[in-house]
Amino acid sequence: MKKDKKSNIELTKKNTINLALWTIAWVLTMAISTFGPLLLWEGNSLLTALAILLTLLVGIGMIFANIRHLNGLDELQRKIQLEAMGIALGLAVVVGLAYSSLDQTNLISYDAEISHLVILIGITYLAAVLIGNSRYR
Amino acid sequence: MKNKIKVLRAEHELTQQQLAEKVDVSRQTINAIEKGKFDPSLPLAFKISKLFKMSIEEIFISE
């Protein structure tokens, strides 16, 4: 397989910056679609739909940037990322469904929010990457 | 899997960073391979063996 002449480090740096830019763009569009209907265009459904569509499109761009980032990584880093994603996904499914059951059976007094699951995935993924890196140090 | 990378690197007077740059991986990867914490892919094993002008079997020993 013929690779780009850029070194792995340069490629990873470029892909990481690219992923960061896509992530920032996605967070911004997410903020616009969330707060826009409340603060910028009260009740305009067309603008809200367009903002959500834009968030979706930028989100797809971010996913592709993430795939490019993973493919460009050094093989050890790819293994660390794979393990971290496996742990984060597994925990998200197991804890997410248990959390949903708690809500449905009214064992918790508040509603199970998707944002709680997103926070759990983020923290788990970050912790797993840090642990993985320290394990192979 | 055991390997002789540390010895070969010393014989060729290469630092982990220099070897990493020659085979296009991170220093962390070379360190993990040397310590036996990580087994390299076949393409990386070939790159290392080509660099040291040895066969893969001479460098990597299956336990």
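Residues numbered from 1 in each chain as written. Chains lettered and ligands numbered in written order. Predicted model: local features only at pLDDT ≥ 70, side-chain atom pairs only at ≥ 80, totals over all residues.

**Quick notes on the overall build of chain A**
Each helix and strand in chain A was counted, giving four helices and zero strands. Tracing chain A from N to C terminus, the helices and strands come up as α-α-α-α. Projecting the C-alpha coordinates of chain A onto the three principal axes gives extents of approximately 50 × 40 × 25 Å. Here the contacts in chain A between residues at least 6 apart in sequence split such that 72% fall between residues at least 24 apart. (Helix = DSSP H or I, 4+ residues; strand = E, 2+ residues; numbered from the N terminus. Contact = placed C-beta atoms within 7 Å.)

**A closer look at the domain arrangement of chain A**
Residues and elements named next belong to chain A. Domain boundaries in chain A define domain 1 (1-73) and domain 2 (74-137). For domain 1 versus domain 2, the separation of C-alpha centres amounts to 21 Å. Across the boundary between the two partners, domain 1 contributes four residues, which contact four residues of domain 2. Broken down by class, the residue content of the side of domain 1 that touches domain 2 amounts to two nonpolar, two polar and no charged. (Domains from an automatic or database assignment. Nonpolar A, V, L, I, M, F, W, Y, C, P; charged D, E, K, R; others polar.)

**Concerning the packing of helix H2 (residues 16-23) of chain B against helix H3 (residues 27-34) of chain B**
The description of two packed helices rests on the angle between their axes and on the distance between the axes. All names here are of chain B. One can describe the packing of H2 onto H3 by two numbers: an axis separation of 8 Å at closest approach and a directional angle of 110°. With respect to H3, the element H2 is oriented roughly perpendicular. Where H2 approaches H3, its residues Gln16, Gln17, Leu19 and Ala20 are matched on the opposing element by Arg27, Thr29, Ile30 and Asn31. Of the residues belonging to the contact of H2 with H3, the class tally is three nonpolar, four polar and one charged. (Axes fitted to C-alpha atoms, helices over the stretch in contact; angles between N-to-C directions. Parallel < 35°, antiparallel > 145°, perpendicular 65-115°, else oblique.)

**Topic: the nonpolar core**
Of all hydrophobic cores here, the largest spans 13 residues; its most connected members are A:Leu76, B:Ala20, B:Ile30, B:Ala32, B:Ile33 and B:Phe38. Among the elements of the structure, helix H3 (75-104) of chain A together with H2 and H3 of chain B are those that each provide at least two residues to this core. Ignoring any residue separated from it by four or fewer positions in sequence, one finds B:Ile30 in contact with B:Gln16, B:Leu19, B:Ala20 and B:Val25. (Core = buried A, V, L, I, M, F, W, Y, C linked by C-beta atoms within 7 Å. Buried ≥ 20, exposed ≤ 12 C-beta atoms within 10 Å, placed from the backbone.)

**Here's the deal with the interface of chain A and chain B**
Across the boundary between the two partners, chain A contributes eight residues, which contact ten residues of chain B. For the side of chain A that touches chain B, the element with the most residues is H3(A), which contributes three residues. By residue class, the composition of the side of chain A that touches chain B is two nonpolar, three polar and three charged.

**A look at the packing of H3(A) against helix H4 (residues 114-135) of chain A**
All names here are of chain A. Relative to each other, H3 and H4 sit at 150°, their axes nearing to 8 Å. When the axis of H3 is compared with that of H4, the two are roughly antiparallel. Crossing geometry of H3 relative to H4 is assigned as right-handed. Taking contact as the criterion, the partners of Ile80, Gln81, Glu83, Ala84, Met85, Ile87, Ala88, Leu91, Ala92, Val95 and Gly96 in H3 are, on H4, Leu117, Leu120, Ile121, Thr124, Tyr125, Ala128, Val129, Gly132 and Asn133. Along the lines of polarity and charge, the residues of the contact of H3 with H4 split into 14 nonpolar, five polar and one charged. (Left-handed = near helix turned anticlockwise from the far one by under 90°.)

**Some remarks on the confidence of the model for chain B**
Regions with low pLDDT should not have their predicted coordinates read in detail. Of all residues in chain B, 100% attain a pLDDT of 70 or more, and the chain-wide mean is 94. Two numbers describe this predicted complex: its pTM, 0.83, and its ipTM, 0.87. (pLDDT = per-residue confidence, 0-100.)

**Topic: unusual backbone geometry**
Residues and elements named next belong to chain B. In the Ramachandran plot, Asp24 falls in the positive-phi region, its phi being about 60° despite a non-glycine side chain. By the element assignment, Asp24 lies in the loop between H2 and H3. Notably, Lys53 is not glycine yet its phi reads approximately 55°, a positive angle. Looking at the secondary structure, you find Lys53 in the loop between helix H4 (42-51) and helix H5 (56-59). Exposure remark for Lys53: the 8 C-beta atoms within 10 Å place this residue in the exposed category.

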